[in-house]
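Single-letter residue listing:
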Amino acid sequence: MSVACEADLAQLVTGTPLPYLTGEQEFYGLSMVVSDAVLIPRPETELLVERALGWLSKNPSRRQAIDVGTGSGCIAVALTKNVPDLQVTAVDISARALRVARLNVMRHNCVQAVTLVQSDLLSGMQLHADLLCANLPYIPTTVALDLPVSRYEPSLALDGGADGLDVIRALLLDAPRCLNPGGLALLEIEANQAEAAKLLARQAFPAASIQVLPDLAGLPRLLEISLE
């Protein structure tokens, strides 16, 4: 066994996630570059992609999207690979995360479709989109600190503040000015945040149709806001 393999095995034994060692993780049938600068893409986030693609299929004239907290860029890349005429502005506060996202955009030939922007959510941005997607940090601080993944994955992608909704709350307060009439917003949430998230969504979008969809395990996972 080579020295490099022995070092990787040692890290794996101590808990380092395998995708960080291989530098790869599959998401929605696509191989994504990952590093410890980004959250490892997870299967439950594919629900967001599936819902977005279904809506885009039914709304062929709606082709402007924003992916907030893009991380590895997995959502933006998966959407544009399946809807080639979609234009996505992929936003993240982390310059390190955006470097990983750029690798994935280039790997999957999405350079013309995905624009990467460093920003704290939508702060100061003059954007108007038909579709808004977000997989933001939603784990309460005290819970995040005790999770094994917090030793390896970036706290920026995990820690959602005291109730886990700080970042989602901030986005929802700003989202109405960016989401076009008739648009759709999709936000991943923690399973026990359904009612609180729906209340926040109702405050931001009083006239919208709002629901929380279950993931494959039957847990409340995806906040959907439809501006009908």
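These notes cover the structure that comes with them. (Residues numbered from 1 in each chain as written. Predicted model: local features only at pLDDT ≥ 70, side-chain atom pairs only at ≥ 80, totals over all residues. Heavy atoms only, no water.)

### Quick notes on helix α8 (residues 194–204)
No. 1: Turning to α8, its buried residues number three or more, namely Ala194, Ala197, Leu200, Ala201 and Ala204. Down the axis of α8, the smallest arc covering the buried residues is 130°, so these residues share one side. Facing away from the buried side of α8 by more than 90 degrees, the exposed set consists of Glu195, Leu199 and Gln203.
No. 2: As for α8, its buried residues are in contact with α7 (166–174), β8 (209–214) and β9 (220–226). (Buried < 20%, exposed > 50% of the residue type's maximum accessible area, 1.4 Å probe, protein only. Helix = DSSP H or I, 4+ residues; strand = E, 2+ residues; numbered from the N terminus. Arc of directions from axis to C-beta. Contact = heavy atoms within 4.5 Å.)

### Description of the environment of Leu227
No. 1: Mapped onto the elements, Leu227 comes out in the segment after β9.
No. 2: For the pair formed by Leu227 and Leu184, sequence separation is 43 residues and the distance between their alpha carbons is 6.2 Å.
No. 3: The residues touching Leu227, leaving out its near neighbours within four places in the chain, are Leu179, Asn180, Pro181, Gly182, Gly183, Phe205 and Ala208.

### Some thoughts on the nonpolar core
No. 1: Counting residues in each nonpolar core, the largest one holds 37 residues, and the members touching the most others are Leu223 and Ile225.
No. 2: Counting residues per element, the ones that place at least two in this core are β3 (64–68), β6 (129–134), α7, β7 (179–188), α8, β8 and β9.
No. 3: When residues of this core are assigned to their parent elements, the largest contribution, five residues, is made by α8.
No. 4: Within the second largest apolar cluster, 34 residues are counted, among which are Met32, Leu53, Leu116 and Cys133. (Core = buried A, V, L, I, M, F, W, Y, C linked by side-chain atoms within 4.5 Å.)

### Regarding the pairing of strand β2 (residues 30–33)
No. 1: For strand β1 (residues 24–27) and β2, the ladder comprises four bridges, and the chain directions are antiparallel. Each residue of the ladder has a partner; that of Gln25, found in β2, is Met32.
No. 2: Adjacent in sequence and paired antiparallel, β1 and β2 are bridged by two residues, among which Tyr28 carries a positive phi angle near 50°. (Pairing = 2+ DSSP bridges.)

### Some thoughts on the sheet that holds β8
No. 1: Strand order in the open sheet formed by seven strands is β5-β4-β3-β6-β7-β9-β8, with mixed pairing between adjacent strands. Since the sheet does not close on itself, it has two edges, and those belong to β5 (114–118) and β8, each with one partner. Averaged over all pairs of adjacent strands, the angle between strand axes in this sheet comes to 15°, irrespective of strand direction.
No. 2: Of the pairings in the sheet, the one linking β3 to β6 comprises four bridges and is parallel in character. (Axes fitted to C-alpha atoms, helices over the stretch in contact; angles between N-to-C directions.)

### Description of the pattern of salt bridges
No. 1: Scanning the model with the defined rule gives eleven salt bridges in all.
No. 2: Salt-bridge contacts for Glu153 lead to Arg42; the nearest nitrogen and oxygen are separated by 2.5 Å. Taken together, the positions of Glu153 in the loop between α6 (141–146) and α7 and Arg42 in the loop between β2 and α3 (46–58) put the pair 111 residues apart, joining distant regions of the chain.
No. 3: Linked by salt bridges that have partners in common, Asp163, Asp166 and Arg169 make up one network. (Salt bridge = Lys/Arg side-chain N within 4 Å of Asp/Glu carboxyl O.)

### Focus on unusual backbone geometry
No. 1: Residues other than glycine seldom take positive phi values, yet Tyr28 does so here, at roughly 50°.
No. 2: Among the structural elements, Tyr28 can be located in the loop between β1 and β2.
No. 3: Judged by its relative accessible area of 25%, Tyr28 falls in the partly exposed class.

### Digging into the pairing of strand β4 (residues 87–92)
No. 1: Taking burial as the measure, the six residues of β4 include five buried ones, the bulk of the element.
No. 2: Where β3 lies against β4, five bridges are found, and the strand directions are parallel. Its bridge partner being in β4, Ala65 is matched across the sheet by Val88.
No. 3: Read as a crossover between parallel neighbours, the route from β3 over helix α4 (residues 74–82) to β4 is right-handed. (Right-handed = clockwise from strand over helix to strand, strands pointing away.)

Interpretation in functional terms is not warranted from these geometric data alone.
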